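For reference, the chains in residue letters:
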Amino acid sequence: MLFPNLWRQEQLRHVVVTTFHEKGYRDYGKKCIETFLKYWPKDISLLVYAEDVHVEEKDRRLQIFDHNETLPRLLKFRKKFAQNPPANGLRPLGNSFERDFRWDAIRFSNKVFAVADAIRRYRTLADQLIWLDADTVTHRDIPRGLVDKIAPRGNQLASYLNRRIYPECGWVGYNLRHQEILTFVERFECTYTSGYFLTLKESHDSFVFWKIAQQMEQDDEAVFKRLGSNRTKSHVFINSILGGYMDHLKGDRKAAGKSRKSDLSWRRREEWWK
Ligand SMILES: [Mn+2]
C-alpha cells in the first residue's frame, strides 16, 4: 500500500498535569507518580504543581513546578477571597452557614490555575494536555494508541467524562491545537479572579468547566468530546474506558487505596478489579 498511514490516526504528543499539597503527596500523590512512571507510555511526561512539598521521585519524564513560583494568579486569588465564606465552602443558610464542597472555590481553584499555566506553557510543545487528578492510580500498561484515540481532535476543544450531573473532571484532555484554547483558559481563570464564581449555582472547577463548555458549544466556538455516560451520576471515571487502566480514589477510597467493587456498574475483567 502506498499510504498506509492514511488508515491510522496521526500520533499526537501528549503531556499529563496534576497538583497536590503535602498531605496529598503522602496520601495519594506519591502513588500517582510511581504508577504513572511504571505504566504510562515512555514518551509521555508528567508535570506536577507541588504546593509546599518536596517531591522525592526523580525521572526524566517527571517535571516539578513550585506553586509559589509558578502560580502567582492562584496566590492572588486566594488572598483576595480568603475572608469570604461563600468562596470557602460555606453557604449562607439563615443566620448560619452550611458546609458544602460545591461552594469551595478556594479549594478547587488550584486545579484551574495549574491547568491554565500548564496549557500556556506547553501549547506549542504538545498536542494534548491531560489533566489527571493526583488521587488516581494507574494499574495496567496504557497503550499509546488509547491515549491517541480518546484525545480531542479538530474542532473538539477538550475531551471529558460527562455524566448526568456536572462532569467528573479527574480526567480532562485539552486540545492544545484548538484555536480557542486560550479563550477557554482565560474564561476558566477569570470566572474565579473576577469573583463571577460567587454568582454561579456551584463554584467548583467541574461545574465551571461545564458551564464554559456548554456556552462555547452554544456559541459555535468549539465542540467537546464526551468520554462518560449520561446515564450515570457517580463513579463515571472507573466505569469509562479509563477504568481498565486506572482507578480514581474518591473520598474514603484514598485510605483503602482502591475503589469498591460496588462502585462498578458492570463487571471488569482486569486483574486490579478481581
Ligand atoms: Mn479526584
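Not measured: the values here are computed from a predicted model. (Residues numbered from 1 in each chain as written. Predicted model: local features only at pLDDT ≥ 70, side-chain atom pairs only at ≥ 80, totals over all residues. Heavy atoms only, no water.)

1. Considering the overall build of the protein
Inference 1: Scanning the protein from N- to C-terminus turns up nine helices and 11 strands.
Inference 2: The C-alpha radius of gyration computed for the protein amounts to 19 Å, which stays within 12% of the reference 19 Å derived for 274 residues, consistent with globular compactness.
Inference 3: When its C-alpha atoms are laid out on the principal axes, the protein stretches across 70 × 45 × 40 Å.
Inference 4: A separation of at least 24 residues holds for 70% of the contacts in the protein among residues at least 6 apart in sequence.
Inference 5: Element-wise, carbon and sulfur atoms account for 51% of the exposed surface of the protein, whose accessible area totals about 14000 Å². (Helix = DSSP H or I, 4+ residues; strand = E, 2+ residues; numbered from the N terminus. Rg over C-alpha atoms; globule rule 2.2 N^0.38 Å. Contact = heavy atoms within 4.5 Å. Areas by Shrake-Rupley, 256 points an atom, 1.4 Å probe, with all protein chains shown as cover.)

2. Side note on a positive patch on the surface
Inference 1: There is a patch of like positive charges on the surface, built from K258, K261, R267 and R269.
Inference 2: Looking at where K258 falls in the secondary structure, it is placed in the segment after α9 (253–256).
Inference 3: For K258, a relative accessible area of 32% corresponds to the partly exposed category. (Patch = residues over 30% accessible without salt bridge, like charges linked within 9 Å, V, L, I, M, F, W, Y side chains within 5 Å. Salt bridge = Lys/Arg side-chain N within 4 Å of Asp/Glu carboxyl O. Lys, Arg positive; Asp, Glu negative; His and termini not counted. Charge placed at Lys NZ, Arg CZ, Asp CG, Glu CD. Buried < 20%, exposed > 50% of the residue type's maximum accessible area, 1.4 Å probe, protein only.)

3. Description of the side chain of H67
Inference 1: Its location among the elements puts H67 in helix α2 (residues 67–70).
Inference 2: H67 has contacts with T19, Y49, A50, E51, L74, R78 and N110, leaving out every residue within four places of it along the chain.

4. Some details on the state of the cysteines
Inference 1: Taken as a whole and judged by the stated rule, the model has zero disulfides.
Inference 2: Just so you know, C169 is unpaired, no disulfide at all, and the nearest cysteine sulfur is the one on C32, 16 Å from it.
Inference 3: By relative accessible area, C169 is classed as buried at 4%. (Disulfide = S-S within 2.5 Å.)

5. Here's the deal with the pairing of strand β2 (residues 45–51)
Along a regular strand, successive side chains alternate from one face of the sheet to the other.
Inference 1: Of all the seven residues making up β2, six are buried; the element is thus mostly covered by neighbouring parts of the structure.
Inference 2: Alignment of strand β1 (residues 14–21) against β2, held across seven bridges, turns out to be parallel. Residue pairing for β2: V15 is matched across the bridge by S45.
Inference 3: Note that β2 and strand β3 (residues 62–66) share five bridges and pair parallel. Bridging across to β3, V48 finds its partner in I64. (Pairing = 2+ DSSP bridges.)

6. A short note on the coordination of the manganese ion
Inference 1: Note on the manganese ion: its protein donors are D133 (OD), D135 (OD), D135 (OD) and H248 (NE2). The metal-donor distances range over 2.2 to 2.5 Å.
Inference 2: Sequence positions of the residues that donate to the manganese ion give the spacing D-x1-D-x112-H. When sorted by exposure, D133 lands in the same class as D135, which is buried. (Donors = N, O, S within 2.8 Å, 3.2 Å for Na, K, Ca; no water.)

7. Focus: a negative patch on the surface
Inference 1: The grouping of E22, D52, D66 and E69 at the surface amounts to a negative patch.
Inference 2: Residue position: E22 is located in helix α1 (residues 22–39).
Inference 3: On the basis of relative accessible area, E22 is assigned to the partly exposed category, the value being 43%.

8. Focus on the environment of S206
Inference 1: By secondary structure assignment, the location of S206 is in helix α7 (residues 205–218).
Inference 2: Each C-alpha atom, one on S206 and one on G170, is 8.8 Å from the other, the two residues being 36 residues apart in sequence.
Inference 3: Residues contacting S206, with those up to four places away along its chain left out, are Y166, P167 and C169.

9. Examining the pattern of salt bridges
Inference 1: Inspection of the entire model under this criterion finds 28 salt bridges.
Inference 2: With a closest N to O distance of 2.6 Å, K30 and E57 form a salt bridge. With K30 in helix α1 and E57 in the loop between β2 and β3, this pair connects stretches of sequence that are 27 residues apart.
Inference 3: E57 sits in the buried class, given a relative accessible area of 13%.
Inference 4: With a shortest N-O distance of 3.8 Å, R253 and D252 are connected by a salt bridge.
Inference 5: The class of D252 is exposed, set by a relative accessible area of 51%.
Inference 6: Shared partners join several salt bridges into a network, and the residues in it are R73, R120, E186 and E189.

10. Some thoughts on the nonpolar core
Side chains of a nonpolar character, in soluble globular proteins, are inclined to be buried together.
Inference 1: The biggest cluster of nonpolar side chains holds 46 residues, and the ones touching the most others in it are L129, Y174, F184, F188, F209 and F224.
Inference 2: Looking at this core, the element that brings in the most residues is helix α4 (residues 105–122), giving 10 residues.
Inference 3: Excluding residues within four positions of it along the chain, F209 makes contact with A158, Y160, P167, C169, V172, Y174, F184, F188 and F224.
Inference 4: Within the second largest apolar cluster, 33 residues are counted, among which are W40, V53, L62 and L227. (Core = buried A, V, L, I, M, F, W, Y, C linked by side-chain atoms within 4.5 Å.)

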